Amino acid sequence: MDETNYNKRIEEIDFFISFIRDIYYSDKIECIKEIDSQFEKEELVKVLKSNTILMIYNLVESTICEIMNEYYDAINDSELCYEEFKEEIQKVWVDYHFNEDANTPAVKFKKWTKEIVDSITKKEAVALDNRKISLSGNAGYGTIEKLFKRHGIKFEDCREVQESRSPLENIRQKRNSLAHGEESFMMVGRDISISDLEGYITKIKSFFDYLLYSKNLNKRI
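The structure displayed is predicted, hence computed values, not measured ones.

A. Just the packing of aromatic side chains, in detail. On inspection of all chains with the given rule, the structure shows ten aromatic pairs. Both rings, one in Y6 and one in F208, keep their centres 6.1 Å apart while their planes meet at 80°; by these two values the pair is edge-to-face. Here Y6, found in helix 1 (residues 3–25), pairs with F208, found in helix 9 (residues 194–213); they are 202 residues apart in sequence, far enough to count as distant. In this structure, Y6 and F208 share a single accessibility class: buried. Ring centres 5.3 Å apart and planes at 50° place the aromatic pair F148 and F155 in the tilted group. Residues F148 and F155 agree in their burial class; the two are buried. Members of the aromatic cluster, each reached through a chain of ring pairs, are Y6, Y141, F148, F155, F207, F208 and Y210.

B. Geometry of helix 9. Between its first and last C-alpha, helix 9 extends 29 Å over 20 residues, near the 28 Å set by a 1.5 Å rise per residue. Among the structural elements, helix 1, helix 3 (41–78), helix 6 (141–150) and helix 7 (159–179) are those in contact with the buried residues of helix 9.

C. Representation of helix 6. Along helix 6, the residues that are buried comprise Y141, I144, L147 and F148. The buried residues of helix 6 occupy one face: seen down the axis, they fall within an arc of 130°. Opposite its buried face, helix 6 presents the exposed residues K146 and K149, each directed more than 90 degrees away. In this structure, the buried residues of helix 6 make contact with helix 3, helix 7 and helix 9.

D. Summary view of a negative patch on the surface. Residues D2, E3, E70, D73, D77 and E79 make up a contiguous surface patch of negative charge. It is helix 3 that contributes the most residues to the negative patch, three residues altogether. Within the secondary structure layout, E79 lies in the loop between helix 3 and helix 4 (87–97).

E. A look at the layout of surface pockets. Considering only enclosed or pocket space, the largest pocket measures out at about 220 Å³ in volume. Along its surface, the largest pocket is lined by Y96, K132, I133, S134, L135, T143, K146, L147 and R150. When residues in the lining of the largest pocket are grouped by element, the largest group, four residues, is from helix 6. For the lining of the largest pocket, a count of residues per class yields four nonpolar, two polar and three charged.

F. Expanded view of the confidence of the model for the protein chain. Put simply, the protein chain has an average pLDDT of 86, and 86% of its residues get 70 or more. Taken element by element, the predicted model of the protein chain shows its lowest mean pLDDT in helix 2 (residues 30–36) (59) and its highest in helix 7 (95).

G. Examining the side chain of S164 more closely. For S164, the position within the fold is in helix 7. A distance of 2.8 Å separates a polar side-chain atom of S164 from the backbone oxygen of V161. If we skip the residues at most four places from it in the chain, S164 touches Y141, K203 and F207.

H. Geometry of the packing of helix 3 against helix 6. Close contact between helix 3 and helix 6 brings their axes to 12 Å; oriented N to C, the two are set at 0°. Between helix 3 and helix 6, the interaxial angle falls into the category roughly parallel. From helix 3, V60, I64, I67 and M68 reach across to helix 6, where they touch I144, L147 and F148. The residue inventory of the contact of helix 3 with helix 6, partitioned by class, reads seven nonpolar, no polar and no charged.

I. Layout of unusual backbone geometry. Phi at E79 is positive, roughly 55°, even though this residue is not glycine. With a phi angle near 45°, S136 is a residue other than glycine that sits in the positive phi range. Residue position: S136 is located in the loop between helix 5 (106–121) and helix 6. What makes S136 exposed here is its relative accessible area of 62%.

Parameters and conventions
Residues numbered from 1 in each chain as written. Predicted model: local features only at pLDDT ≥ 70, side-chain atom pairs only at ≥ 80, totals over all residues. Heavy atoms only, no water. Phe/Tyr/Trp six-rings, centres within 6.5 Å; stacked < 30°, edge-to-face > 60°. Helix = DSSP H or I, 4+ residues; strand = E, 2+ residues; numbered from the N terminus. Buried < 20%, exposed > 50% of the residue type's maximum accessible area, 1.4 Å probe, protein only. Expected span 1.5 Å × (residues − 1). Contact = heavy atoms within 4.5 Å. Arc of directions from axis to C-beta. Patch = residues over 30% accessible without salt bridge, like charges linked within 9 Å, V, L, I, M, F, W, Y side chains within 5 Å. Areas by Shrake-Rupley, 256 points an atom, 1.4 Å probe, with all protein chains shown as cover. Salt bridge = Lys/Arg side-chain N within 4 Å of Asp/Glu carboxyl O. Lys, Arg positive; Asp, Glu negative; His and termini not counted. Charge placed at Lys NZ, Arg CZ, Asp CG, Glu CD. 1 Å grid on protein atoms, 1.4 Å probe; cavity = no way out; pocket = protein on both sides within 12 Å on 5 of 7 lines; lining within 4 Å. Points joined across faces, edges and corners; volume = space filled by probe spheres on them. Nonpolar A, V, L, I, M, F, W, Y, C, P; charged D, E, K, R; others polar. pLDDT = per-residue confidence, 0-100. Polar contact = N/O pair within 3.5 Å; in protein donor to acceptor, adjacent residues only side chain to side chain. Axes fitted to C-alpha atoms, helices over the stretch in contact; angles between N-to-C directions. Parallel < 35°, antiparallel > 145°, perpendicular 65-115°, else oblique.

The structure is reproduced here in structure tokens:
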């Protein structure tokens with residue numbers, strides 16, 4: 001994973017939250033003095049807090065996708081055959097060969113089955129397509145855990161994991177409310193404090209550090 005880009009995203013979010021705090025608690029920022037005549041400071045802060053939600057969500061989805069892309073690259077580069085992988089990866093590989101659409105003609109299922117059997121028999125290297133990884137705006141804790149578990153990656157019951165569950169789900173829910181137009185930026189920003197945002201990014205960063213540096217997770221294949 002591109003850790004330079006990841007760290008830059010974290011820094012941008014930290015800077016943005018700090019900027020919001022400065023706006024809310026300081027009267028020394030010249031541009032805010034001009035805005036006050038047209039727009040109440042508290043209303044502006046609400047909109048900026050909602051923008052931070054989107055920034056954090058984008059960090060979550062992009063980071064999880066990058067971690068999984070790196071995992072798939074490691075699988076593909078290993079050039080191991082089907083029988084050399086753990087059961088979860090074998091199942092993912094088989095699933096990717098089948099279209100689960102019930103309307104798919106039986107002849108296609110026969111063709112796919114033959115391709116799978118031939119590949120296993122010939123001990124061909126397993127290859128996974130990272131384009132199949134899709135979070136589709138649903139990158140909350142439950143979805144992330146399910147995605148990793150499907151690939152045979154289990155989270156430890158540690159502090160970093162426990163404390164990330166609520167922030168990840170809250171960010172997902174609020175992001176979707178904004179994306180689907182269910183709530184306005186002011187409405188979402190009204191119900192979340194600057195301290196909440198600081199807590200969210202701190203706990204989510206700890207969770208990602210766990211994913212990136214855990215010895216257990218680095219032995220995934």
